[in-house]
Structures are given as C-alpha cells and as structure tokens.
Amino acid sequence: MALASSPADLRRHLTTHLDPAALAWLEHALDEAAAHPGIHGPISAWELRLAEAGRRCGAAYADAARVLILDAARAGTDALTRVYFQGTADERRAVLHALRHLVSGPGALPLVQDALRTNDTRLLAAAVGPYAARHLAAHDWRHAVLKCLFTGVPVDRVADLPRRARGDGELARMLGDYAAERTAAGRTVPEDLYRVLDLTESAGPAPGTDHPHGKES
C-alpha cells in the first residue's frame with residue numbers, strides 16, 4: 001500500500017491486514033489521538049503511540065499506522081517538527097509521509113531539507129514525496145533528484161517527477177555533468193539518470209504559461 005494514499009485508504013488497508021490485537025490497539029490509538037489532538041506538555045499521549053507502532057503493528061504496517069495517528073492528532077507544523085527532531089528515524093519517516101495530508105503550505109520544508117541532508121535512503125525516499133513535489137524550490141528539488149542518484153534511491157520515488165523535470169534545462173546540465181564525472185572516473189552511470197534526462201527533453205510549458213517550479217527562487 002503506497003503511503004501517499006489518503007488516510008481513509010490507509011485505514012481501510014490496515015483494517016483488512018492487521019491481526020485483531022493490532023487492529024484493536026490501532027483503533028484505541030486513533031481514538032485517543034482524536035480526543036486529545038495537538039501538543040500537550042513535554043509529550044502527548046499520541047506521541048507515545050508513535051513509538052509503539054512498530055511493536056504493535058509490525059514493521060510492514062508501522063509507517064501507515066504512524067501516518068494515521070499523526071492525522072488523527074491533527075498534528076500541525078509545530079507538532080510535526082517536534083516529532084521529527086525528537087523521534088527515531090522511523091518516526092521521522094512517518095512525519096515526512098504525513099506532510100502532504102497535514103500541512104497545506106511550505107512551512108514544513110525545513111523537515112524535508114533536513115532529511116535531504118542525510119544519507120538514510122529510506123528517509124530520502126520519504127522526503128521526495130508529494131509535499132516536496134508541491135513546495136520544494138527548483139534549485140533544492142534538482143539537488144534532491146541528484147541526491148537520489150548519488151545514494152541509489154530509485155527515481156520512481158520522486159513524486160511528480162515527469163512534470164517537474166519537463167523542459168528543465170538546468171537539471172539536464174547537472175545530470176550531464178554528473179554523468180561526465182562518473183565516466184571520467186571509470187564508474188558506471190545509473191540507468192535512472194538517463195530516464196530523468198529523457199524527461200528533461202520533453203516539451204516545456206507553453207509560452208506564457210505560469211510554471212511555479214520552473215525558476216530559481
């Protein structure tokens with residue numbers, strides 16, 4: 001189940017896949033988060049449930065459970081920031097997956113930018129999701145694509161890649177430079193690089209069309 005799915009779809013998926021004990025725990029955690037949303041004191045009850053999700057729901061479903069808990073708690077930018085910087089890598093990843101559902105503007109971009117500075121490939125893959133596709137400035141987004149190539153994160157994980165790469169000559173230049181560096185060093189060029197390069201050669205926006213991500217900010 002793709003974590004970019006809506007909370008309703010994630011909940012339906014977990015309802016049909018979790019065992020009865022795990023599902024009962026999740027339903028209680030979601031009810032608790034909905035009853036006491038937001039930040040309360042040094043740590044909110046729902047934040048403790050985020051830490052338990054792996055043990056309660058299993059590794060295969062923990063990310064989805066955490067996204068649902070964050071959604072039920074109506075976690076805003078402040079709460080998400082606290083969870084991100086105080087949490088484990090698993091909790092940070094859940095925050096990144098939840099951004100598209102919980103933050104409408106660019107206010108949570110510092111979390112994405114922090115994740116893009118790491119070499120944790122699972123965190124990087126979460127960072128280049130729909131929220132980044134919608135809000136990351138062109139310069140930072142291009143470097144995020146290059147970071148995926150550097151670290152081996154499949155470019156299929158980059159949300160909205162065809163639209164954002166289309167007609168992007170600067171991205172094409174960066175890709176060409178990277179390919180030349182690897183070739184000169186006797187190293188192979190990732191196949192994904194050529195896939196992205198092909199996308200940059202697609203037709204750009206029609207003249208006069210506003211393209212919010214086509215310019216450096």
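Residues numbered from 1 in each chain as written. Predicted model: local features only at pLDDT ≥ 70, side-chain atom pairs only at ≥ 80, totals over all residues. Heavy atoms only, no water.

### Examining the overall build of the protein
Operational definition: Only DSSP runs of H or I reaching four residues or more are called helices, and only runs of E reaching two or more are called strands; each is numbered from the N terminus. Under the scheme applied here, a residue whose accessible area is under 20% of the maximum for its type counts as buried, over 50% as exposed, and between as partly exposed, the area being computed with a 1.4 Å probe on protein chains only. Only the protein chains shown count as cover for residues, with accessible areas throughout obtained via the Shrake-Rupley method and a probe of 1.4 Å. Within this scheme the basic residues Lys and Arg register as positive and the acidic residues Asp and Glu register as negative, but His and the chain ends are omitted. Charge placement uses NZ in Lys and CZ in Arg. For Asp and Glu, CG and CD serve respectively.
The number of helices and strands found in the protein is 13 helices and zero strands. In the protein, the succession of α and β elements from N to C terminus is α-α-α-α-α-α-α-α-α-α-α-α-α. If you line up the protein on its principal axes, its C-alpha atoms span 55 × 40 × 30 Å. Every one of the 217 residues in the protein was classed for burial, and the buried ones make up 47%. Roughly 10,600 Å² of accessible area belongs to the protein as shown, and the carbon and sulfur atoms make up 53% of that amount. The averaged location of the 27 negative side-chain charges in the protein is 2 Å from the averaged location of its 25 positive side-chain charges.

### As for the nonpolar core
Test applied: Here, nonpolar core means buried Ala, Val, Leu, Ile, Met, Phe, Trp, Tyr and Cys residues that are tied together by side-chain atoms lying within 4.5 Å of each other. Whether two residues are in contact is decided by their heavy atoms, any of which lying within 4.5 Å being enough.
Residues Trp 46, Leu 70, Leu 80, Leu 96, Leu 99 and Val 112 are the most contacted members of the largest nonpolar core, which totals 70 residues. Each residue touching Trp 46, except ones within four places of it in the same chain, is listed here: Ala 33, His 36, Pro 37, Gly 38, Ile 69, Leu 70, Ala 73, Ala 75, Ala 79 and Val 83.

### Side note on the pattern of salt bridges
To be explicit about the condition: We define a salt bridge as a contact between a side-chain nitrogen of Lys or Arg and a carboxyl oxygen of Asp or Glu at a distance within 4 Å.
Counting across every chain of the model gives 17 salt bridges. For Glu 32, the salt bridge identified is with Arg 49, shortest N-O distance 2.7 Å. Of this pair, Glu 32 sits in helix 2 (residues 20-35) while Arg 49 sits in helix 3 (residues 45-57), and the two are 17 residues apart along the sequence. Where Asp 114 meets Arg 92, a salt bridge forms, and the shortest distance between an N and an O atom there is 3.7 Å. Of this pair, Asp 114 sits in helix 7 (residues 109-116) while Arg 92 is found in helix 6 (residues 89-102), placing the two residues 22 residues apart along the sequence.

### Thoughts on the confidence of the model for the protein
Selection criterion: Summary of the metric used: pLDDT quantifies the predictor's per-residue confidence within the range 0 to 100.
In this model, the protein carries a mean pLDDT of 91, and residues with pLDDT of at least 70 account for 92%. Contacts for the low-pLDDT stretch residues 205-217, under 50 throughout, to residues beyond four places or in other chains number 16 contacts.

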